[in-house]
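Examination of the molecular architecture
Here's the letter readout for the chains.
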Amino acid sequence: MGRSRYEEIAESLRQAIRSGVHPPGSRLPSESDLAAEWGASRGTVRQAVALLASEGLIGSRQGARRVVLRQERRQSFEQLSSFAQWARAMGCEVSSRILTRTTRPVTDEEAARLDVGPGSEVLYVLRLRHLDGEPVMVERTVYADWAAPVVRALPEDCVSIMDSIAERADIVAHYGEHLIDAVAAGSEDARLLRVRRASPLLRQRHLTYTAAGRAIEWTEDRYRAGSVVFNVMNSAAAAPLERRAGPGVAG
């Protein structure tokens, strides 16, 4: 089956962005100019532009033409890696700040996820993650009591807790389970991510295990809209889940 007209336009624009014809920070031609260039309707052009926006190649501010962002980057969730490893592989400057570390009783959901008994204590950690100087993700993690001491000893500006606990205590994550949905920003999220309260956020919850199947952490990541794009690739053999840097990443 051949490509539709809007897919042809999107592919041409995609190649122009990747080749540097439209470099990061530049604006795409207007919809009317693109429609004239391609002999297509503005609705068809709008579909093409929306496709590129969904891929994280372009973004926009209200009332402005679409702005070219950094080029498409992706990493498969089939390989378990830390946020810092992923960001560096994408060519981004990554930084983090631990805002809160609190020992408290486990909640019912956390107990079920971490496979610990009711009333067990966990270490709750709140972190703010930055890409290229911009706040893009609020991370809330609870660590099982056996992993908590090494996490508690890490510096506030630790870039990767996963990498650090592997190096310091040989606590290595081998398996992960990911749940993805969308939520509205609460007051804390809005303040930390510099967005309006109730703004849409992309939420990823994940549970990591050691090679022996012992739960290490249960984490909830809330990404500012446009900061990453999750992409599902389907085939008859497998359906890997991938993520790509998107709008809002560039500083």
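Notes on the structure in this doc start here. If you're wondering where the values come from, they're calculated on a predicted model, not measured in any experiment.

**Section: the nonpolar core**
The biggest cluster of nonpolar side chains holds 17 residues, and the ones touching the most others in it are Leu 114, Val 138 and Val 142. Looking at this core, the elements that each hand over two or more residues are α5 (108-114), β5 (121-131), β6 (134-143), α8 (187-193), β8 (200-209) and β9 (215-224). Ranked by the residues each element gives to this core, the list is headed by β5, at four residues. Those residues within four positions of Val 142 in sequence are excluded, and the remaining contacts are Arg 104, Glu 110, Leu 114, Val 122, Leu 123, Tyr 124, Ile 216, Glu 217 and Trp 218. Listed in part, the 16 residues of the second largest apolar core include Leu 34, Ala 48, Leu 57 and Ile 58.

**A short note on the sheet that holds strand β7 (residues 175-184)**
One open sheet accounts for six strands, arranged β4-β5-β6-β9-β8-β7; its pairing is antiparallel. Bordering the open sheet on either side are β4 (94-105) and β7, each of which pairs with just one other strand. Across the sheet, the axes of successive neighbouring strands diverge by a mean angle of 15 degrees, strand direction being ignored.

**Topic: unusual backbone geometry**
The backbone of Asp 132 sits at a positive phi, close to 50 degrees, despite the residue not being glycine. With respect to the helices and strands, Asp 132 occurs in the loop between β5 and β6. The backbone of Asp 170 sits at a positive phi, close to 55 degrees, despite the residue not being glycine. Topologically, Asp 170 is positioned in the loop between α7 (161-169) and β7. When its relative accessible area of 63% is taken as the criterion, Asp 170 is described as exposed.

**Digging into the packing of aromatic side chains**
This structure, assessed with the given rule, holds one aromatic pair. Ring centres of Phe 83 and Tyr 223 lie 6.5 Å apart, and the angle between their planes is 40 degrees; this geometry places the pair in the tilted category. Of the two residues, Phe 83 is situated in helix α4 (residues 83-89) and Tyr 223 in strand β9; the sequence distance between them amounts to 140 residues. Residue Phe 83 shares its accessibility class with Tyr 223, and that shared class is buried. The ring of Trp 146 has Arg 214 sitting right over it, with the charged end atom 4.2 Å from the ring centre.

Calculation notes
- Residues numbered from 1 in each chain as written.
- Predicted model: local features only at pLDDT ≥ 70, side-chain atom pairs only at ≥ 80, totals over all residues.
- Heavy atoms only, no water.
- Core = buried A, V, L, I, M, F, W, Y, C linked by side-chain atoms within 4.5 Å.
- Buried < 20%, exposed > 50% of the residue type's maximum accessible area, 1.4 Å probe, protein only.
- Helix = DSSP H or I, 4+ residues; strand = E, 2+ residues; numbered from the N terminus.
- Contact = heavy atoms within 4.5 Å.
- Pairing = 2+ DSSP bridges.
- Axes fitted to C-alpha atoms, helices over the stretch in contact; angles between N-to-C directions.
- Phe/Tyr/Trp six-rings, centres within 6.5 Å; stacked < 30°, edge-to-face > 60°.
- Lys NZ or Arg CZ within 6 Å of the ring centre and 35° of its normal.

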